[in-house]
Amino acid sequence: MDLVQLQRQLVDYRTSLYHEGFLDEQFTQLQELQDENNPDFVVEVVSLFFQDSERLLNELSKALEQQIIDFKRMDAHVHQLKGSSSSIGAQRVQKLCIVFRNYCEARNVEGCLKCLQQVKHEYALVKTKLESMFQLEQQISNAGGSIPV
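Residues numbered from 1 in each chain as written. Predicted model: local features only at pLDDT ≥ 70, side-chain atom pairs only at ≥ 80, totals over all residues. Heavy atoms only, no water.

### Structural notes on the packing of aromatic side chains
No. 1: Tallied over the full model, the rule gives three aromatic pairs.
No. 2: Between Phe 49 and Phe 50 the ring centres are 6.0 Å apart and the planes differ by 50°, which places this aromatic pair in the tilted class.
No. 3: Under the relative-accessibility criterion, Phe 49 is labelled buried at 3%.
No. 4: Ring centres of Phe 49 and Tyr 123 lie 6.0 Å apart, and the angle between their planes is 65°; on these two criteria the pair is classed as edge-to-face. On the criterion of sequence distance, the pair formed by Phe 49 in helix H3 (residues 41-65) and Tyr 123 in helix H6 (residues 109-142) is long-range, its members being 74 residues apart. (Phe/Tyr/Trp six-rings, centres within 6.5 Å; stacked < 30°, edge-to-face > 60°. Buried < 20%, exposed > 50% of the residue type's maximum accessible area, 1.4 Å probe, protein only. Helix = DSSP H or I, 4+ residues; strand = E, 2+ residues; numbered from the N terminus.)

Take a look at the structure:
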């Protein structure tokens, strides 16, 4: 595949992530902060999001397995996940966290369990999609091309 095709594929792929609601304008703002002095800024920030999210999702899973569920602590974890997903523009994860927090506030175990599975699913999807986008960007860079904005 030649460089122009790769660049076109990247633009189309990125556009689809916005149209399908995986990303919002916050991701665009994150990309605008990247420059020649820090060319890996977005990848680094998103990698931190992945690490933090996986830790929080594990904490939430453990919390829901307890005999006595600490809904206040769970809500704090969901709030943190909502904030970090919002900061990178992971819109679908962020929106589900809003619903999840409502279930925590209502102390609804079944709702929390259902939401946790949905959040895990959406997180896995956005992670896979962002990793694919970063691989495309890497292919373009390796071929000597510039990343289209």
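### Concerning the UniProt feature "modified residue: Phosphohistidine" (unreviewed entry) in the protein chain
No. 1: Per the UniProt record, the feature "modified residue: Phosphohistidine" (unreviewed entry) sits at His 79.
No. 2: With respect to the helices and strands, His 79 occurs in helix H4 (residues 71-88).
No. 3: Given the relative accessible area of 40%, His 79 is considered partly exposed. (UniProt positions renumbered as here; feature names shortened; annotations may be inferred.)

### Topic: the environment of Gly 89
No. 1: Along the chain, the position of Gly 89 falls in the loop between H4 and helix H5 (91-105).
No. 2: On the basis of relative accessibility, which here comes to 0%, the residue Gly 89 falls in the buried class.
No. 3: Beyond its immediate chain neighbours, meaning those up to four positions away, Gly 89 contacts Phe 22, Leu 23, Asp 24, Gln 26 and Phe 27. (Contact = heavy atoms within 4.5 Å.)

### Digging into unusual backbone geometry
Most peptide bonds take the trans configuration, and most residues that are not glycine carry a negative phi.
No. 1: One non-glycine residue with positive phi stands out, namely Arg 107, at about 60°.
No. 2: Its place among the elements puts Arg 107 in the loop between H5 and H6.
No. 3: Accessibility expressed as a relative area gives 54% for Arg 107, which makes it exposed.

### What to know about the UniProt feature "domain: HPt" (unreviewed entry) in the protein chain
No. 1: Under the present numbering, the feature "domain: HPt" (unreviewed entry) in UniProt falls on residues 38-143.
No. 2: The span residues 38-143 shows a helical share of 87% and a strand share of 0%, and its end C-alpha atoms are spaced 20 Å apart.

### Here we look at the environment of Lys 127
No. 1: Along the chain, Lys 127 turns up in helix H6.
No. 2: With 82 residues separating them along the chain, Lys 127 and Val 45 place their C-alpha atoms 13 Å apart.
No. 3: Ignoring any residue separated from it by four or fewer positions in sequence, one finds Lys 127 in contact with Phe 50 and Glu 54.
No. 4: Within the structure, the side chain of Lys 127 is placed 2.7 Å from the side chain of Glu 54, a separation counted as a polar contact. (Polar contact = N/O pair within 3.5 Å; in protein donor to acceptor, adjacent residues only side chain to side chain.)

### Observations concerning the packing of H3 against H6
No. 1: Between H3 and H6, the least distance of the axes is 11 Å, while the angle of their chain directions is 160°. Between H3 and H6, the angle is such that the two are roughly antiparallel. For the element pair H3 and H6, the recorded crossing hand is left-handed. Taken together, the residues of H6 that come into contact with H3 (itself represented by Val 42, Val 43, Val 46, Phe 49, Phe 50, Ser 53, Glu 54, Leu 57, Leu 60, Ser 61 and Leu 64) are Cys 112, Leu 113, Leu 116, Val 119, Lys 120, Tyr 123, Lys 127, Leu 130, Glu 131 and Phe 134.
No. 2: The class makeup of the residues in the contact of H3 with H6 is 15 nonpolar, two polar and four charged. (Axes fitted to C-alpha atoms, helices over the stretch in contact; angles between N-to-C directions. Parallel < 35°, antiparallel > 145°, perpendicular 65-115°, else oblique. Left-handed = near helix turned anticlockwise from the far one by under 90°. Nonpolar A, V, L, I, M, F, W, Y, C, P; charged D, E, K, R; others polar.)

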